[in-house]
Amino acid sequence: MARGLQTIRSLSVLITRRSLSTTAFRTSPSILPQTQIFRSDPPLRAYRRSLLLSNRTVGLVPTMGALHAGHLSLARLAALENTDVFVSIYINPTQFGLHEDLSSYPKTWDADLAALDALDKELATIPGAGRISAIFAPTTDIMYPTLPPDSAVDGKGSFVTITPLATLLEGASRPVFFRGVATVCMKLFNICTPERVYFGQKDVQQTVVIRRLVKDFHVDTDVRVGPTQREESGLAMSSRNVYLGARRRAVAVVLSQALRRAEEQYVAGKRKRGDILAPATWHLGRVAAEQEGLAKARRACFDVDYIALSDPETMEEVQEVDPERGAILSGAIKMKELEEPGEGEECGVGGGRIAVRLIDNIILQPVV
Ligand SMILES: Nc1ncnc2c1ncn2[C@@H]1O[C@H](COP(=O)(O)OP(=O)(O)OP(=O)(O)O)[C@@H](O)[C@H]1O
Ligand SMILES: CC(C)(CO)[C@@H](O)C(=O)[O-]
Ligand code: BAL
């Protein structure tokens, strides 16, 4: 099976390479020998058509780069369900508000290619698994052909808006976020026409938005959600974690701890909002007060943005969980800048001077 796949792959890559050699390009021969990198959509569309004609299937993993084990777990899942995995790497400007961290968002292109190369080698050893055949790393003039992208709330441009879902929780804190995400994902889906798209549960509201987009706009793709990958401490992996450093990383685990405490209440049979959320808010308050009581040179302070108990399809807050529907427990905190980074202290990228907003969630499964 693996050998058969390999043969088809080599043929289709050969055909595609011949017809696309001026537009698609590859990195040095030792890196990602299977994988083509596309900077614009026409060659990617042609490649995708050649795969369709060979009865191959595409699983798309949209990312903003700075790849970590969470992204790789999605690509691995995609390879188990498709012959070809497309990974997009694009820091989409329209999902960042004007005062958000677009300019400081981590960019690690070489490490990203190396990580995908290592994963592709691993996939080559798994019988029947697909391979990473395309990386789509477009430029902004390709993704936003008519106007320069506009991140203002009343910005000009062609946007996909999903209300009121996109205005709640993450959307309340980041008013243009889901408009930007839905818009760029619609573009990626139109360009790649994947059989399946892969998103991480870590960004749970994003998965709800994408499911709604696919349903309401009749997009012919299947939305697959992979579990949140965590560090040993329980902290959800995130590209922005590189800014934390040791001191803030140790405290940031408070969010997943708080959500776990709330989950325990649901598992113990509690259904009322207050009963479920109280231990989570208590834990956050206790740890926040503990940190504030420490000297500036030792503390890592944070603000709680929200802790929510929501309906799994609308993200509206619920007062009581319907056990047949289950619910989503989610939260966001902002780790503040370190006030006094220590001499020689490992403070993360940016020296502890960049505030880091973190999100996490747990799905409370329906009880049947
Ligand atoms: N810990 C994780 N486990 C599983 N999937 C993840 C994890 N972190 C991110 N993803 C998924 O990877 C995809 C790309 O996410 P993105 O490139 O924004 O990375 P990120 O780590 O979420 O970055 P950020 O710091 O912006 O939150 C999304 O579908 C996201 O949900
Ligand atoms: C889905 C996505 C790649 C769209 O830019 C982004 O929101 C992300 O990385 O989760
Ligand atoms: N992981 C979602 C992308 C963002 O926070 O902008």
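Residues numbered from 1 in each chain as written. Chains lettered and ligands numbered in written order. Predicted model: local features only at pLDDT ≥ 70, side-chain atom pairs only at ≥ 80, totals over all residues.

Draft legend 1. How the structure looks around the environment of Ser 233. Relative to the helices and strands, Ser 233 resides in the loop between strand 6 (222–226) and helix 9 (245–252). The class for Ser 233 is exposed, based on 11 C-beta atoms found within 10 Å. Taking the C-alpha atoms as reference, Ser 233 lies 37 Å from Thr 140; in sequence the two are 93 residues apart. (Helix = DSSP H or I, 4+ residues; strand = E, 2+ residues; numbered from the N terminus. Buried ≥ 20, exposed ≤ 12 C-beta atoms within 10 Å, placed from the backbone.)

Draft legend 2. Molecular detail of the sheet that holds strand 4 (residues 131–136). A sheet is described by the order of its strands in space; here six strands give the open sequence 1-4-3-2-5-6, paired in parallel fashion. At either end of the open sheet lies a strand with only one pairing partner, and these are strand 1 (36–38) and strand 6. Strand after strand, the sheet turns through a mean of 25° between neighbouring axes, direction not considered. One ladder, built from five bridges, connects strand 3 (residues 84–89) with strand 4; its direction is parallel. Its bridge partner being in strand 4, Ser 88 is matched across the sheet by Phe 136. In the packing of helix 8 (residues 204–216) onto the sheet, the strands contacted are strand 5 (196–200) and strand 6, and the crossing angle to strand 6 comes to about 170°. (Pairing = 2+ DSSP bridges. Axes fitted to C-alpha atoms, helices over the stretch in contact; angles between N-to-C directions. Contact = placed C-beta atoms within 7 Å.)

Draft legend 3. Layout of helix 8. Taking 1.5 Å per residue, 13 residues should reach 18 Å; helix 8 reaches 18 Å between its end C-alpha atoms and fits that length. Along helix 8, the residues classified as buried are Val 204, Gln 205, Gln 206, Thr 207, Val 208, Val 209, Ile 210 and Leu 213. Looking at the buried positions of helix 8, the neighbouring elements they touch are helix 6 (170–173), helix 7 (177–192), strand 5, strand 6, strand 8 (327–335) and strand 9 (356–364). (Expected span 1.5 Å × (residues − 1).)

Draft legend 4. Looking closely at the site of ligand 2. Around ligand 2 sit Pro 62, Thr 63, Met 64, Asn 92, Gln 95, Val 181, Val 184, Cys 185, Asp 203 and Gln 206, and that is every residue in its neighbourhood. Mapped onto the shell around ligand 2, the elements with two or more residues apiece are strand 2 (58–63) and helix 7. Of the residues assigned to the shell around ligand 2, the class counts are five nonpolar, four polar and one charged. (Near = placed C-beta within 6 Å. Nonpolar A, V, L, I, M, F, W, Y, C, P; charged D, E, K, R; others polar.)

Draft legend 5. Spotlight on the domain arrangement of the protein chain. According to the domain assignment, the protein chain contains domain 1 (2–226) and domain 2 (239–364). If you average the C-alpha positions of domain 1 and of domain 2, the two centres end up 29 Å apart. When residues of the side of domain 1 that touches domain 2 are traced back to their parent elements, those giving at least two are helix 6 and helix 8. The biggest single contributor to the side of domain 1 that touches domain 2 is helix 8, with three residues. A class-by-class count of the residues in the side of domain 1 that touches domain 2 yields eight nonpolar, four polar and three charged. (Domains from an automatic or database assignment.)

Draft legend 6. A look at the pairing of strand 2. For strand 2, a buried count of six out of six residues is recorded, marking the element as mostly surrounded by other parts of the structure. Side-chain alternation along strand 2 places Val 58, Leu 60 and Pro 62 on one buried face and Gly 59, Val 61 and Thr 63 on a second face that is also buried. Alignment of strand 2 against strand 3, held across six bridges, turns out to be parallel. Note on strand 3: the bridge partner recorded for Val 58 is Asp 84.

Draft legend 7. View of the nonpolar core. Formed by 89 residues in total, the largest nonpolar core has its most connected members in Ala 75, Val 87, Cys 192 and Val 209. Tallying contributions element by element places helix 7 first for this core, with ten residues. Here this core spans two domains, since at least three of its residues come from each of domain 1 (2–226) and domain 2 (239–364). Once residues within four sequence positions are removed from consideration, Cys 192 is found in contact with Leu 44, Arg 48, Val 58, Leu 60, Phe 86 and Phe 136. (Core = buried A, V, L, I, M, F, W, Y, C linked by C-beta atoms within 7 Å.)

Draft legend 8. The arrangement of the packing of helix 3 (residues 69–81) against helix 4 (residues 109–124) in detail. Direction vectors running N to C along helix 3 and helix 4 enclose 35°, while the axes themselves pass 11 Å from each other. For helix 3 against helix 4, the interelement crossing comes out right-handed. Along its contact with helix 3, which presents Leu 72, Ala 75, Arg 76 and Ala 79, the element helix 4 presents Ala 115, Leu 119 and Leu 123. Per-class residue counts for the contact of helix 3 with helix 4 are six nonpolar, no polar and one charged. (Left-handed = near helix turned anticlockwise from the far one by under 90°.)

Draft legend 9. Local environment of unusual backbone geometry. The omega torsion across Thr 163 and Pro 164 is -5°, close enough to zero to call that bond cis. One can find Pro 164 in the loop between helix 5 (140–143) and helix 6. The backbone of Asn 55 shows a phi angle near 60°, a positive value even though the residue is not glycine. Here Asn 55 is to be found in the loop between helix 2 (41–53) and strand 2. Phi angles above zero are rare outside glycine, and Met 315 is one such case at about 65°.

Draft legend 10. Looking closely at the sheet that holds strand 8. Read from one edge to the other, the open sheet built from three strands follows the order 7-8-9, with strand pairing classed as antiparallel. Taken across any chain shown, the strands that pair with only one partner, and hence form the sheet edges, are strand 7 (302–310) and strand 9. Pairwise comparison of adjacent strand axes, ignoring direction, gives a mean angle of 10° for this sheet. Bridging between strand 8 and strand 9 involves nine bridges; their strand directions are antiparallel. For Leu 329, the partnering residue across the bridge sits in strand 9 and is Ile 362. Where helix 10 (residues 254–267) meets the sheet, its contacts fall on strand 7, strand 8 and strand 9, and the angle it forms with strand 9 comes to roughly 20°.

Draft legend 11. How the structure looks around helix 11 (residues 273–292). In a regular helix each residue adds 1.5 Å, so 20 residues correspond to 28 Å; helix 11 covers 28 Å between its end C-alpha atoms and thus fits that length. Among all positions of helix 11, only Ile 276, Leu 277, Ala 280 and Leu 284 are buried. As for helix 11, its buried residues are in contact with helix 10 and strand 7.

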